[in-house]
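These are the residues of each chain, in order.
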Amino acid sequence: MRLSYSALDSFQNCSLKYKFQNIDKIKEPKSKEAVFGTLIHSTMKFIHNPALLAPKMEDALDFFSKNWNSDVFEDELEERSAFSMGVAMIQQYYKKNVISDYNIIDLESRFAIEITDPKNGTGHIISGIIDRIDKTEDGYEIIDYKTTKKMPSQDKVDNDLQLSVYLNAFLARYPKEAANLDKVTVSLYYLKHNVKLSSTRSLEQLNTAKQLFLDVIAEIEKGIFVPNVTPLCDWCGFQKICPMWKHKFKDERKIDSEEINAVIGDYINLKSAIASTKTQFAQLQEKITKYMEQEGVERVFSDEGIIAQTLRKTYKYDEKQLREILEPLDKWESILKVDGIALKNIMSVLSPGIRQDVERARVLDKESKSLTIKKK
Ligand code: SF4
């Protein structure tokens, strides 16, 4: 299979988006966020173009404003806010970086590397574009620019698949650097925050990334594509055909929705009423229990009826004692079951390789549908 890194990323974030893009080949209408991101990337390329004398901040701002595209914004306010965000990003970038200080060896560097599945010898190609590669004093730095609002934790950067794939691609071009991996830095530069998060990789991590890539291919080949709502939906151009969002555009799609609108409204209001009734119920219960305690009674009477107090006891077993009894009988193992919460707690301390093994052991148990509400 031939796959671009962005397609792989799409699949991991939302497999339905992957399907729309890569299987159904539906042209994605560019979202304003994507248009903005592309222009910021071009501006970064302009700023660091080795063919030019390091451009001044004014030149970079000029480039940004000349290439600005107003058409994608819904109103003037939205456009103004995006434009000033871009200007702020460039200004902050110049404050923190002396452009002429960097020794840049490649910008928007295209790659295509082959990864072979050791199980069956099948080769797969992964392609992509590395935003920037610098020669540093004692090694190299691979940089990817991000324009998203949310910054990840250092742990996420240390295990970021994109950076591992980029480093594998870099090593395909500079194989000798495999011996100096500690001198090759991989960085994500969050332009909105003007913060660069950096990391390095071990050979083991790079091999894990290759395995993860093969796992993703195996998942894609299963042909199951489901929507996954995340903040990244804001960047997705398929909202109008996505089952998680398309109802939002009902007016545009001229669907007769008066009746269902009323039902949705009633459902949300009823759910709120149930929640407040539950709170009220708990408060009344507390008052009555207190009163019963004060008066030393087990039942209270009113014109509406009688309320009786019953004592319900729940028990748990002492694990040590239980083990001592059941282990000699060979019955202990059979009562142990996987506790999802405990497993989640220990996952964070496991190595990335073991975490992936655990993830691979996950199988679907039960499936059920429920309705959740997100209030406006
Ligand atoms: S809108 Fe969100 S859930 Fe729907 S396809 Fe796009 S990314 Fe997936």
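Residues numbered from 1 in each chain as written. Predicted model: local features only at pLDDT ≥ 70, side-chain atom pairs only at ≥ 80, totals over all residues. Heavy atoms only, no water.

Engineer: What exactly am I supposed to notice about the overall build of the protein chain here?
Structural biologist: The number of helices and strands found in the protein chain is 13 helices and 8 strands. Scaling as 2.2 N^0.38, a compact globule of 376 residues should have a C-alpha radius of gyration of about 21 Å, whereas the protein chain reaches 29 Å, well beyond that. The buried share of the protein chain, taken over its 376 residues, is 31%. Summarising the internal contacts of the protein chain: among those between residues at least 6 apart in sequence, 63% fall at separations of at least 24. Accessible surface computed for the protein chain: about 26,000 Å², of which carbon and sulfur atoms make up 53%. Both charge centroids of the protein chain, one from 56 positive and one from 57 negative side chains, sit 1 Å from each other. (Helix = DSSP H or I, 4+ residues; strand = E, 2+ residues; numbered from the N terminus. Rg over C-alpha atoms; globule rule 2.2 N^0.38 Å. Buried < 20%, exposed > 50% of the residue type's maximum accessible area, 1.4 Å probe, protein only. Contact = heavy atoms within 4.5 Å. Areas by Shrake-Rupley, 256 points an atom, 1.4 Å probe, with all protein chains shown as cover. Lys, Arg positive; Asp, Glu negative; His and termini not counted. Charge placed at Lys NZ, Arg CZ, Asp CG, Glu CD.)

Engineer: Is there a simple way to think about unusual backbone geometry in this case?
Structural biologist: A negative phi holds for most residues other than glycine; trans holds for most peptide bonds. Look at Lys25: it is not a glycine, yet its phi comes out positive at around 55°. Relative to the elements of secondary structure, Lys25 occurs in the loop between helix H2 (15–23) and helix H3 (32–48). Taking the relative accessible area as the measure of exposure, Lys25 reaches 64% and is therefore exposed. A positive phi angle is found at Glu108, which is not glycine, with a value near 45°. In this structure, Glu108 sits in strand E2 (residues 103–116).

Engineer: I'm lost on the pairing of strand E8 (residues 305–308) in this one. Help?
Structural biologist: Looking along a regular strand, one sees side chains alternate from face to face of the sheet. Where strand E7 (residues 299–302) and E8 come together, 4 bridges link them in antiparallel fashion. By the bridge assignment for E8, Ser302 is matched with Gly305. Between E7 and E8, which pair antiparallel in sequence order, lie 2 residues. (Pairing = 2+ DSSP bridges.)

Engineer: Explain the environment of Asn168 here, please?
Structural biologist: Among the structural elements, Asn168 can be located in helix H7 (residues 161–173). When neighbours within four sequence positions are excluded, Asn168 is seen to be in contact with Ile113, Leu206, Ala209 and Lys210. Among the polar contacts listed, one links the side chain of Asn168 to the backbone oxygen of Leu206, at a separation of 3.4 Å. (Polar contact = N/O pair within 3.5 Å; in protein donor to acceptor, adjacent residues only side chain to side chain.)

Engineer: I'm lost on the site of the ligand in this one. Help?
Structural biologist: As a matter of local geometry, the ligand sits amid Cys14, Lys17, Pro227, Asn228, Cys233, Cys236, Gln239, Cys242 and Trp245. For the shell around the ligand, the class distribution of residues is 6 nonpolar, 2 polar and 1 charged. (Near = heavy atom within 4 Å. Nonpolar A, V, L, I, M, F, W, Y, C, P; charged D, E, K, R; others polar.)

Engineer: What exactly am I supposed to notice about a nonpolar patch on the surface here?
Structural biologist: A cluster of nonpolar residues, Ile260, Val263 and Ile264, forms a patch on the protein surface that exposes about 230 Å² of accessible area. Tracing the sequence through the fold places Ile260 in helix H9 (residues 258–295). Its relative accessible area of 42% is what places Ile260 among the partly exposed residues. (Patch = residues over 30% accessible without salt bridge, like charges linked within 9 Å, V, L, I, M, F, W, Y side chains within 5 Å. Salt bridge = Lys/Arg side-chain N within 4 Å of Asp/Glu carboxyl O.)

Engineer: Which parts of the structure should I look at to understand the packing of helix H1 (residues 5–13) against H7?
Structural biologist: Helix packing for two helices is described by the angle between their axes and how far apart those axes are. Contact geometry for H1 and H7: axes closest at 11 Å, N-to-C directions at 160°. It follows that H1 is roughly antiparallel to H7 by the angle criterion. In the packing of H1 onto H7, the handedness of the crossing is right-handed. Mapping the contact onto sequence places Tyr5, Leu8 and Gln12 in H1 and Leu161, Gln162, Val165 and Tyr166 in H7. Of the residues contributing to the contact of H1 with H7, the split by class is 5 nonpolar, 2 polar and no charged. (Axes fitted to C-alpha atoms, helices over the stretch in contact; angles between N-to-C directions. Parallel < 35°, antiparallel > 145°, perpendicular 65-115°, else oblique. Left-handed = near helix turned anticlockwise from the far one by under 90°.)

Engineer: Honestly, the packing of helix H8 (residues 203–222) against helix H13 (residues 352–360) in this entry has me stumped. Any pointers?
Structural biologist: Running from N to C, H8 and H13 cross one another at 15°; their axes reach a closest spacing of 11 Å. Classed by the angle they form, the pair H8 and H13 counts as roughly parallel. As H8 runs across H13, the sense of the crossing is left-handed. Contacts from Thr208, Gln211, Leu212 and Asp215 in H8 reach Gly353, Gln356 and Arg360 in H13.

Engineer: Which parts of the structure should I look at to understand the nonpolar core?
Structural biologist: One finds Leu3, Leu8, Ile126, Ile142, Leu167, Phe170 and Phe213 to be the most contacted residues of the largest nonpolar core, which totals 38 residues. Looking at this core, the elements that each hand over two or more residues are H1, E2, strand E3 (123–135), strand E4 (140–146), H7, strand E5 (184–190) and H8. (Core = buried A, V, L, I, M, F, W, Y, C linked by side-chain atoms within 4.5 Å.)

Engineer: What's the story with the environment of Ala51 in this structure? I'm lost.
Structural biologist: Assignment of secondary structure puts Ala51 in the loop between H3 and helix H4 (57–66). For the pair Ala51 and Arg2, spaced 49 residues apart in sequence, the C-alpha separation works out to 33 Å.

Engineer: I tried to follow H9 on my own but got confused; where do I start?
Structural biologist: Think of an α-helix as turning once every 3.6 residues; residues three or four places apart then point the same way. Across its 38 residues, H9 extends 55 Å between first and last C-alpha, which sits within 8% of the 56 Å expected from 1.5 Å per residue. Just beyond H9, the residue with positive phi is Gly296, at close to 65°. (Expected span 1.5 Å × (residues − 1).)

Engineer: How should I be thinking about the domain arrangement of the protein chain in this particular structure?
Structural biologist: Where interface size is given, it is often the accessible area lost as the parts come together that is meant. What the domain assignment reports for the protein chain is domain 1 (105–224), domain 2 (258–305) and domain 3 (319–358). Computed from C-alpha coordinates alone, the two centres of domain 1 and domain 2 are separated by 55 Å. (Domains from an automatic or database assignment.)

Engineer: Would you mind showing me how to read the packing of aromatic side chains here?
Structural biologist: Aromatic rings in a pair are described by how distant their centres are and how their planes are angled relative to each other. Enumeration over the complete set of coordinates arrives at 17 aromatic pairs. Considering the side-chain rings of Phe36 and Trp68, the 6.4 Å spacing of their centres and the 80° angle between planes classify their relative orientation as edge-to-face. One end of the pair, Phe36, is in helix H3; the other, Trp68, is in the loop between H4 and helix H5 (76–96), with 32 residues separating them in the sequence. Comparing Phe36 with Trp68, the two get one shared label, buried. The interplanar angle of 70° and the centroid separation of 5.6 Å between the aromatic rings of Phe111 and Tyr166 together place this pair among those described as edge-to-face. Here Phe111, found in strand E2, pairs with Tyr166, found in helix H7; they are 55 residues apart in sequence, far enough to count as distant. With respect to class, Phe111 is no different from Tyr166; both count as buried. An aromatic cluster is present here, built from Phe36, Phe64, Trp68, Phe73 and Phe83 joined pairwise through their rings. (Phe/Tyr/Trp six-rings, centres within 6.5 Å; stacked < 30°, edge-to-face > 60°.)

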